[in-house]
Amino acid sequence: MRLVYFGSSDFGLPTLQRLVLEHDVALIVTQPDRPAGRQRRLSPTSVAAFAQTSGIDTIKPDDVNDPALADRIREIGAAALVVIAYGRKLGAALLNNTFAINLHGSLLPKYRGAAPINWVLIDGEAETGVTTMLMDEGLDSGPMLLRHSLRLHPEDTTEGVAARLAEIGARLLVETLEGLHNDSIVAQPQPGDGTTLAPSFKKADGAIDWRAPAVAIDRQVRALQPWPGTFTFWRGERLVLWSVRFRVDDAGRPPGTVVEVVEVGDGGIVVACGAGTLEIVSLQRSGGRRQ
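Remember, it's a predicted structure, so these values are computed and weren't measured experimentally. (Residues numbered from 1 in each chain as written. Predicted model: local features only at pLDDT ≥ 70, side-chain atom pairs only at ≥ 80, totals over all residues. Heavy atoms only, no water.)

Caption draft 1: View of the overall build of the protein chain. The secondary structure content of the protein chain amounts to seven helices and 14 strands. Taking the principal axes of its C-alpha atoms as reference, the protein chain extends roughly 65 × 45 × 30 Å. Buried positions account for 46% of the 291 residues belonging to the protein chain. Taking the intrachain contacts of the protein chain between residues at least 6 apart in sequence as the baseline, contacts between residues at least 24 apart amount to 63%. If you average the places of the 30 positive and of the 34 negative side-chain charges in the protein chain, the two averages end up 7 Å apart. (Helix = DSSP H or I, 4+ residues; strand = E, 2+ residues; numbered from the N terminus. Buried < 20%, exposed > 50% of the residue type's maximum accessible area, 1.4 Å probe, protein only. Contact = heavy atoms within 4.5 Å. Lys, Arg positive; Asp, Glu negative; His and termini not counted. Charge placed at Lys NZ, Arg CZ, Asp CG, Glu CD.)

If you want it as C-alpha cells, here you go:
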C-alpha cells in the first residue's frame, strides 16, 4: 500500500520501520529541526534522522496545512496517511485527501490530547493501551478502528510505558491497514460518555508540593519523565528528582521535612508528605550528575 507518514517522535518509529518493510512509504512529513541540548544546536526529529538513513523523501514544513502539501500528496496517489505523534493539527484539505489513520497512545475516548501516557500514570490507572482511528478535525475524536490494552505496573514510568505501547502500536497499525484493505474492520464512533482530556505540560507542572500524599508525588515523578521533569528546592538550590519510592508510614512531621537519611543498600532521603512519606532514591543538583 502506498502511504504518506506524518510523525515527529520516537513513539512512532517502530511503526514507521515496519511500514517501510511492508508497504510503500512514498513521503515522510515531520516537524522542522529544533534547538536542543545545552549548546542549542539545531537537531532533527528522530523521524527525520531515520528518514535520512532510509533514503525516503522527507519534508519539514513550517505550515503543514500549506495547500502545496495537499497537492503534492494527491500527486503521490497515497492510499492512506498514517499520523503518529506528529505534533501539529492537520486541516480539512489533508484529511479529505484520503484515509487519515492515527495511532493514539490511550484507550479512547479516555485521554484525548498530547500527553495521554503521562496522565494515565498521574491518575493511577490500572491499564492503558493504544487505539487506531480515522482522523477528523476534532481532538482525537474520530471513529475508532482497533484497540489493544496494556496492564500497568506500580513502578512504570512514561518512557517505559511509551516504549511498550510503541511496539504494540506498530502491530496494531499494520493490522488496521490490512483490515481496511480487505474491509474486515468497521469504524465505530467514539462513545459520548467517558471522555477525558490529556493536555501537555509546562515546566512549572514539575514542581513538587509536599503537602500532597506520597503516592500522588510518586506518580508525578514517574509520569513527568523526561519532560518536564520534577523538582524541589533545598536551601535555595533546585533539585531534580529522578527516582522515588512512596511509603505508607506517617512521619508525624510537617510536609517537606527530611525525617531520615538511609545510607545503606539503595536507600535515600526520606521526606514527610501530606500523607505518608517519600524516599528520594535518585536526584540531581543544578549543573551536576544524578546521585
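Caption draft 2: View of the pairing of strand β1 (residues 2–7). Summarising burial for β1: five of the six residues are buried, a large majority. Both β1 and strand β2 (residues 24–29) contribute to a ladder of five bridges, which runs parallel. The partner of L3 across the bridge, within β2, is V25. Viewed along the sheet, the connection from β1 through helix α1 (residues 13–22) into β2 turns out right-handed. Note: β1 against strand β6 (residues 80–84), five bridges, orientation parallel. Among the inter-strand pairings, V4 is bridged to a residue of β6, identified as L81. (Pairing = 2+ DSSP bridges. Right-handed = clockwise from strand over helix to strand, strands pointing away.)

Caption draft 3: Region of interest: the sheet that holds strand β13 (residues 269–272). Spatial ordering of the open sheet is given by β10-β11-β14-β13-β12, a layout of five strands whose pairing is antiparallel. With one partner strand each, in any of the chains shown, β10 (230–234) and β12 (258–261) form the two edges of the open sheet. On average, adjacent strands in this sheet sit at an angle of 45 degrees to one another, irrespective of strand direction. As paired strands, strand β11 (residues 237–247) and strand β14 (residues 277–285) are joined by eight bridges and run antiparallel to one another. (Axes fitted to C-alpha atoms, helices over the stretch in contact; angles between N-to-C directions.)

Caption draft 4: Broad picture of the sheet that holds β1. Strand order across the open sheet formed by seven strands is β5-β2-β1-β6-β7-β8-β9, with mixed pairing between neighbours. The outermost strands of the open sheet, each flanked by one partner alone, are β5 (58–59) and β9 (144–151). Sheet analysis places strand β8 (residues 127–134) next to β9, joined by seven bridges and oriented antiparallel. Paired with G129 across the bridge in β9 is S149. On the sheet, helix α6 (residues 158–181) packs against β1, β6, β7 (99–104), β8 and β9 and is oriented at approximately 150 degrees with respect to β9.

Caption draft 5: Quick peek at the packing of aromatic side chains. Applying the stated criterion to the full structure yields three aromatic pairs. Both rings, one in W119 and one in F201, keep their centres 5.0 Å apart while their planes meet at 20 degrees; by these two values the pair is stacked. Of this pair, W119 sits in helix α5 (residues 116–122) while F201 sits in the loop between α6 and α7 (214–223), and the two are 82 residues apart along the sequence. In this structure, R238 packs its charged tip against the face of F231, placed 4.1 Å from the ring centre. Lying over the aromatic face of W242, R290 brings its terminal NZ or CZ to 3.6 Å of the ring centre. (Phe/Tyr/Trp six-rings, centres within 6.5 Å; stacked < 30°, edge-to-face > 60°. Lys NZ or Arg CZ within 6 Å of the ring centre and 35° of its normal.)

Caption draft 6: Highlighting the environment of F233. Relative to the helices and strands, F233 resides in strand β10. In this structure F233 comes out as exposed when scored by relative accessible area, which is 51%. It is 23 Å that separates the C-alpha atoms of F233 and N118, two residues lying 115 residues apart in sequence.

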